[in-house]
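Inside the fold
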Amino acid sequence: MAKMKLMLNTYYNLHPRNIVKAMQDKHAVILCTCACVILTFSTQGRCSEPPPNIIVFLADDMGMGDTSAYQDWAGTPDNQQLYTPALDDLARRGVRFTDAHSPHSRCTTSRYALMTGRYCWRTRLKHWVLFGVQGDPLIERDRQTLPEFLQTAGYVTGMVGKWHLGLSYRTPEGEVAQGWEDADLTQPLADGPMDHGFDFFFGISRSHGTSGPNGNQRNAPDQSIGPGWIFGRKIIGAIDQGKKLDGSYVLKETGLRLESEALKFLRNAQAKNQPFFLYFASPANHSPYTPADYLGSDPIAGASRYVDGTPTGSERCDFIYQNDVHVAHLVDFLQTTPDHRNQGKPLIENTVFVFASDNGSDKPSKIFTGPLRSHKGSLYEGGHRVPLIITWPLGNIGDGQTSTPGRTSDRLIALNDLYATFAEILGRELPPLDGVGRGAEDSESQLACLQDRPVLARGAIFPNDHQEASEKLSDERAWVAVRSDSAPMTGAWKLMLDHRYAFAGEINPRELYDLSTDQQEQRNRITDPTARPALDFLMEIARRAAGEHGHSRSLPIQ
């Protein structure tokens, strides 16, 4: 046990203030020497002027097998693999991850963790999603979100697309409404994206199929779906006839409207002498599958193809392909627009471009999930291992060239790591772990890995939400996994804890897998005595990270 505590302390505390303490133990000398080297190298990754622009494109319900950028990893034949040329190019430009994870296996929870750098099982929402026409805001007003953090660094921030983190409306008198029933849609929102760090917002409240009546369908003064398009704090379609909207919200036009507003934001932002952050939260490919007829001059509906060139004949594939065309248009804008802060260069040179998905595939097909078990809503790998591609030519994250093969990394990484990664790029301290302005409690910088520099293994990640835990929707689904590549045994170990961890911090191990030899999670080793060291190690990590006020970054030596 003493040896395990030493390993855990060293594992968690490779920070300047802790290296001296760790050096006092002769068994930690080697690891601490590595830490000093890494800390020295990390200063090289910090960005001098001008800081980079940042675009985060988040697809909805897209598995790793849903893009030909991962065809070699998924092993899908050409006549079954959807062709996504823009994502293929993006992977060649930058770094493609094969062990990347959404923080949770569903959308609201993952979006919360992306925006805050904190696992959502620490909040009141231990699993599932915000449901219903309103959904009380999930992000506390005194918490520093990622866009707020970037605002403090001088960024202009914009978002288009799916929020799904809760809204508050106002009554006719301008007071905060109790809910949808007493809301006056002609009043500005009381709480929405503009109140959590975005200078610009054009988008929808949640999944596009439930964000408003499709045109005039289900559209009446007493309807309970909406509120349709939101611009800033204004509900665009409100016509002062109860909850009836003007019919401008049309499902198949969501992608077209969002791309138009995204490009408008980018055109306005690039003219300013400050960096920009764009969060493009695409509704695709969440059901219902409603691909646009065209995006610009590019056909979408009926246009998706497999790698061998044959039509897919699938609306789902068309909707995924729509994301690929969005990416192509954003990259084209970056390539053809001069950077006023980097004379003689296009914007793409100094833009961090991130493509990811909020959770795994919405369907259990092995074509969509690749060689992983289960899909969206599961704590098995198919529920939260997602495509993740990142580029930044000026920052040595890829070379920016489509003529090269790009780089593939098998490093463990999670979307909540973007917060700390951007902070290190900017050379800025993360928010405090408690008090007003707190944030990024579960975020760890991945900049060294992105720049292909020496780095120790990442600390554990804690994905959550397990539909297999209960046949019905219940709190028993709030399982949490502890995944680490740093256990005191060779392998990629994953421990699954039942719902009592999320609710009370209790450690009740249920399943244990070594993904390095069992990627499909078929052999539960929870009772295997030879796996006991890994089990003990992961349980101790879980104890240290537990609780609403807990964290998994820079844990103290005990």
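Residues numbered from 1 in each chain as written. Predicted model: local features only at pLDDT ≥ 70, side-chain atom pairs only at ≥ 80, totals over all residues. Heavy atoms only, no water.

Glancing now at the sheet that holds strand S15 (residues 480-484). Sheet architecture is open: three strands sit in the order S15-S16-S17, paired in antiparallel fashion. In this open sheet, the two strands that pair with only one neighbour each are S15 and strand S17 (509-514). The average angle at which neighbouring strand axes cross in this sheet is 15°, direction not considered. (Pairing = 2+ DSSP bridges. Helix = DSSP H or I, 4+ residues; strand = E, 2+ residues; numbered from the N terminus. Axes fitted to C-alpha atoms, helices over the stretch in contact; angles between N-to-C directions.)

The subject of this paragraph is the nonpolar core. Ranked by internal contacts, the top residues of the largest apolar core, which has 56 residues, are Phe97, Tyr169, Phe277, Tyr279, Leu388, Ile390 and Phe422. For this core, the element with the most residues is helix H12 (residues 417-426), which contributes six residues. By size, the runner-up hydrophobic cluster in this structure holds 44 residues, among which are Tyr70, Leu263, Leu334 and Ile389. (Core = buried A, V, L, I, M, F, W, Y, C linked by side-chain atoms within 4.5 Å. Buried < 20%, exposed > 50% of the residue type's maximum accessible area, 1.4 Å probe, protein only.)

Here we take up the sheet that holds strand S2 (residues 95-97). Strand order in the open sheet formed by 10 strands is S7-S6-S5-S4-S8-S1-S11-S12-S2-S13, with mixed pairing between adjacent strands. Edge strands, defined here as strands with exactly one partner in the open sheet, are strand S7 (234-235) and strand S13 (407-409). With three bridges connecting them, S2 and S13 associate as parallel partners. Looking at the pairing, Phe97 lines up with Ser409 of S13. Against the sheet, helix H5 (residues 85-93) makes contact with S2, strand S11 (351-357), strand S12 (388-391) and S13, and its axis sits at roughly 55° relative to S12, the strand it touches most. (Contact = heavy atoms within 4.5 Å.)

Let's shift gears to unusual backbone geometry. Most peptide bonds are trans, and most residues other than glycine sit at a negative phi. For the bond from Gly226 to Pro227, the omega torsion is 10°, close enough to zero to count as cis. Looking at the element boundaries, Pro227 is found in the loop between strand S5 (200-204) and strand S6 (230-231). The step from Ser287 to Pro288 runs through a cis peptide bond, and the omega angle for that step is 0°. Counting through the fold element by element, Pro288 comes out in the loop between strand S8 (276-281) and strand S9 (294-295). Within the chain, Trp128 stands out as a residue other than glycine whose phi angle is a positive 70°. Considering the arrangement of structural elements, one finds Trp128 in the loop between helix H6 (107-116) and helix H7 (146-152). Positioned with a positive phi, His164 is a non-glycine residue whose angle comes to about 55°. Mapped onto the secondary structure, His164 falls in the loop between strand S4 (156-162) and S5.

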